[in-house]
Amino acid sequence: MPPYRLTEPAVFTFVLIPVLLVIALAWCTVWAWRRAGASPPAARRAGLSATFAAGSWMALTWAAAASGIFRQWDRDPPPFALLVVGVIGVAVTLSFGTIGRQIATQAPLWLLVAIQSFRLPLELAMHGLYERGIMPVQMSYSGRNVDIITGATAVVVALLVKTGRGGRGLVALWNVLGLGLLVNVVVVAILSTPRFSYFGNDHLNVFVTYPPFVWLPAVMVVAALAGHLVIFRALSR
């Protein structure tokens, strides 16, 4: 693992985007509660609860990565596998719990799509990490990861829906595409870990076991997956 500094733009992106996503979650929670008829204090409590839960998860995963526990690949199961299970569990809980239900019910479709545009700067930062030798090539858009398409098209689709030139069918199509591209990069990332070494020992994915990069799966994959699931809930209204 090459040395790196948090002040590097590509590295700092892995701090900035997760923080902004938590702020967006808190704002959407308060806004959805208010639209549902909750009083301002009740809406603020809901927002604070969401922020506290997200902050606790971020602190836990950062501390675990800093301790080196996710780099213990010889254990059965490896601790990183438990992180993967946790990511899926948090995303599903967020999507199908009270917060997900309220946001899916109250938020407009264009806003739910627009939030996914965070994947555009994320992919640019990931490519920067590949150029620095921190991340393997197959996880960048120079390799097998084309999730940058989701981030770039999210802006376009959100604008079309917001202006009335796109409808539910467009959002459904985009959502299926985005989910498929997300699953693709997650599978590539898992196959790149030392436990599988599918792409060779010189192209291993170990950077996500260090802070702040652990927030790629722990926060940004959670946000992407939960976002797609919430959009499906909104479309089924």
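The residue numbering used here restarts from 1 in each chain and proceeds along that chain's sequence as written. Only residues with pLDDT of at least 70 are given local features in this predicted model, and only at 80 or more are side-chain atom pairs given and counted; all residues enter the totals for whole chains, interfaces and linings. With hydrogens and water stripped out, all remaining heavy atoms of the structure feed into the side-chain values.

Concerning the overall build of the chain
Here comes step 1: Secondary structure elements follow DSSP: runs of H or I of four or more residues count as helices, runs of E of two or more count as strands, with numbering from the N terminus. Counting its regular elements, the chain contains 9 helices and 0 strands.
Here comes step 2: As defined in this context, the radius of gyration uses C-alpha atoms, and a globule is described by 2.2 Å times the residue total to the power 0.38. Against the compact-globule benchmark of 18 Å for 237 residues, the chain has a radius of gyration of 18 Å, which places it among compact chains.
Here comes step 3: If one aligns the C-alpha atoms of the chain with their principal axes, the spans along those axes are about 55 × 35 × 35 Å.
Here comes step 4: In the chain, buried positions account for 48% of the 237 residues.
Here comes step 5: For this analysis, residues touch if any pair of their heavy atoms sits within 4.5 Å. Contacts in the chain between residues at least 24 apart in sequence constitute 75% of all its contacts with a sequence separation of at least 6.
Here comes step 6: Residue burial considers only the protein chains on display, and all accessible areas are found by Shrake-Rupley using a 1.4 Å probe. Carbon and sulfur atoms make up 69% of the accessible area of the chain, which totals about 11000 Å².
Here comes step 7: Charge separation in the chain, taken as the distance between the mean sites of 17 positive and 7 negative side-chain charges, equals 22 Å. Each residue is assigned to one of three classes by its accessible area relative to the maximum for its type, calculated with a 1.4 Å probe on protein chains only: buried under 20%, partly exposed between the two thresholds, exposed over 50%. Positive residues here are Lys and Arg, negative ones are Asp and Glu, while His and the chain termini are left out of the count. Every charge is mapped onto a representative atom, which is NZ of Lys, CZ of Arg, CG of Asp or CD of Glu.

Comments concerning the pattern of salt bridges
Here comes step 1: The term salt bridge refers to a pairing of a side-chain nitrogen on Lys or Arg with a carboxyl oxygen on Asp or Glu at a separation within 4 Å. All chains considered together, the criterion is met by 3 salt bridges.
Here comes step 2: Here Arg 132 makes a salt bridge to Glu 8, at a shortest N to O gap of 2.8 Å. Of this pair, Arg 132 sits in the loop between helix 6 (119-131) and helix 7 (148-162) while Glu 8 sits in the segment before helix 1 (9-35), placing them 124 residues apart in sequence.
Here comes step 3: When its relative accessible area of 13% is taken as the criterion, Glu 8 is described as buried.
Here comes step 4: Here Asp 76 ties to Arg 195 by a salt bridge, and the two come within 2.2 Å at their closest N and O atoms. Placement of the pair is Asp 76 in the loop between helix 2 (40-67) and helix 3 (79-96) and Arg 195 in the loop between helix 8 (168-191) and helix 9 (215-235), with a sequence separation of 119 residues.
Here comes step 5: Classification of Asp 76 by relative accessible area gives exposed; the value is 66%.

Notes on the nonpolar core
Here comes step 1: Definition of nonpolar core: a set of buried residues of the types Ala, Val, Leu, Ile, Met, Phe, Trp, Tyr and Cys, connected through side-chain atoms within 4.5 Å. Phe 14, Ile 103, Leu 129 and Phe 207 are the most contacted members of the largest nonpolar core, which totals 70 residues.
Here comes step 2: Among the elements that line this core, the one with the most residues is helix 9, at 15 residues.
Here comes step 3: Beyond its immediate chain neighbours, meaning those up to four positions away, Leu 129 contacts Ala 10, Val 11, Phe 14, Ile 134, Met 135, Phe 207 and Phe 213.

A closer look at unusual backbone geometry
Here comes step 1: Of the consecutive residues Asp 76 and Pro 77, the connecting peptide bond is found in the cis state with omega at -10°.
Here comes step 2: Residue Pro 211 is joined to Pro 212 through a cis peptide bond whose omega torsion reads 5°.
Here comes step 3: One can find Pro 212 in the loop between helix 8 and helix 9.
Here comes step 4: Here the phi dihedral of Ser 197 falls at roughly 50°; this positive angle occurs in a residue that is not glycine.
Here comes step 5: Note on placement: Ser 197 falls in the loop between helix 8 and helix 9.

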